[in-house]
Amino acid sequence: MAPRTSSRPVGTVTRGTTNPNRLRRMDRWIAAVHGAALRRAADPVAVDLGYGASPWTAVELLLRLRTVAPRARVVGIEIDPARVAAAAPYEREGLSFRHGGFEVPLTGPSGTGSSGTGSSGTGSSGTGSSGAGSSGTRPVLIRAANVLRQYDEEQVAAVWERLRARLSPGGLLVEGTCDEIGRRHVWVALGPEGPRTVTFATRLGSLEQPSDLAERLPKALIHRNVPGEPVHAFLRDFDRAWAAAAPYASYGARQRWIRTVRDLTADWPVLDGVSRWRQGEVTVRWEALAPRSG
């Protein structure tokens, strides 16, 4: 007898905390760096995974992506059926909601709590097989913001692997954490092959020093902010460069940030340029910050 495929969504219910405009920094970055891939895609589907108790972030993601990719559509996926039902009235052309988890179901009815075709995962742990899960459409983008904070660090790699397996060729997974109103945000960008970059983004007017962002490191890095780990060394150097750039504060926090990041490029593989730095961002190659083994 063939084994039965479970239709139980993979993952656990999050707190659901959300606010309008909370993910604006991540959305701006996605539109800037991934807009071309969305425009080229035959079916430019983006997933807002774990959008929370209210669907604001999915609604906003659609609006922001369509400024750079007019054919983009967004599917909000939530593991709590009540949240899917509550989001149904917000469905419109290009925006739908589905019940599911890390298996990322993109088939079956929307807005009704249906889990589509299900998955072959291992239940609520979010770990196990990295198979494709639901068949059919593969997203060009999966955004998972403030989803993995409640998981153990040891579970992150398996979740990443599962989500990456759902991406279309050239797709992007963006996973990270921000504060409740989106002033400070850190995320990892991953392609089908694995992690690529880490981006730090902040509202510069509220920043005392760059290491303030440490409390928003994603789960893969937050417990590694200790001496001997690369991310700790990076934030230490970031603070030192910020202090050295203090004279530029007279020209405003943005000019101080730009000077700080420019100095960081001498020792760290910064991948973006002034146009992104002006937004209060800096993106660094993943390998430079990746946790040491053990």
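Residues numbered from 1 in each chain as written. Predicted model: local features only at pLDDT ≥ 70, side-chain atom pairs only at ≥ 80, totals over all residues. Heavy atoms only, no water.

## Observations concerning the pattern of salt bridges
Here is step 1 of the chain: Going through the model one piece at a time under the given rule, you end up with 19 salt bridges.
Here is step 2 of the chain: Here Asp80 and Arg83 are joined by a salt bridge, their closest N and O atoms 3.4 Å apart.
Here is step 3 of the chain: Across the pair Arg224 and Glu153 runs a salt bridge, and its minimum N-O distance is 2.8 Å. Of this pair, Arg224 sits in the loop between helix 5 (219-222) and helix 6 (230-244) while Glu153 sits in helix 4 (residues 153-166), and the two are 71 residues apart along the sequence.
Here is step 4 of the chain: When salt bridges with common partners are traced through the structure, they connect Asp27, Asp48, Glu60, Arg64 and Arg143 into a single cluster. (Salt bridge = Lys/Arg side-chain N within 4 Å of Asp/Glu carboxyl O. Helix = DSSP H or I, 4+ residues; strand = E, 2+ residues; numbered from the N terminus.)

## Quick notes on the packing of aromatic side chains
Here is step 1 of the chain: In total, this model carries eleven aromatic pairs according to the counting rule given.
Here is step 2 of the chain: Through a chain of ring-to-ring contacts, three or more aromatic side chains come together here, namely Phe200, Phe234, Phe238, Trp242, Trp257 and Trp268. (Phe/Tyr/Trp six-rings, centres within 6.5 Å; stacked < 30°, edge-to-face > 60°.)

## Structural notes on the packing of helix 6 against helix 7 (residues 253-264)
Here is step 1 of the chain: Axis separation between helix 6 and helix 7 bottoms out at 9 Å; the angle between their running directions is 130 degrees. Relative to helix 7, helix 6 is oriented oblique. The two elements helix 6 and helix 7 meet at a crossing, and its hand is right-handed. Seen from helix 6, the contacting residues are Phe234, Asp237, Phe238, Ala241, Trp242 and Ala243; seen from helix 7, they are Ala253, Arg256, Trp257, Thr260, Val261, Asp263 and Leu264.
Here is step 2 of the chain: Among the residues forming the contact of helix 6 with helix 7, the class breakdown is nine nonpolar, one polar and three charged. (Axes fitted to C-alpha atoms, helices over the stretch in contact; angles between N-to-C directions. Parallel < 35°, antiparallel > 145°, perpendicular 65-115°, else oblique. Left-handed = near helix turned anticlockwise from the far one by under 90°. Contact = heavy atoms within 4.5 Å. Nonpolar A, V, L, I, M, F, W, Y, C, P; charged D, E, K, R; others polar.)

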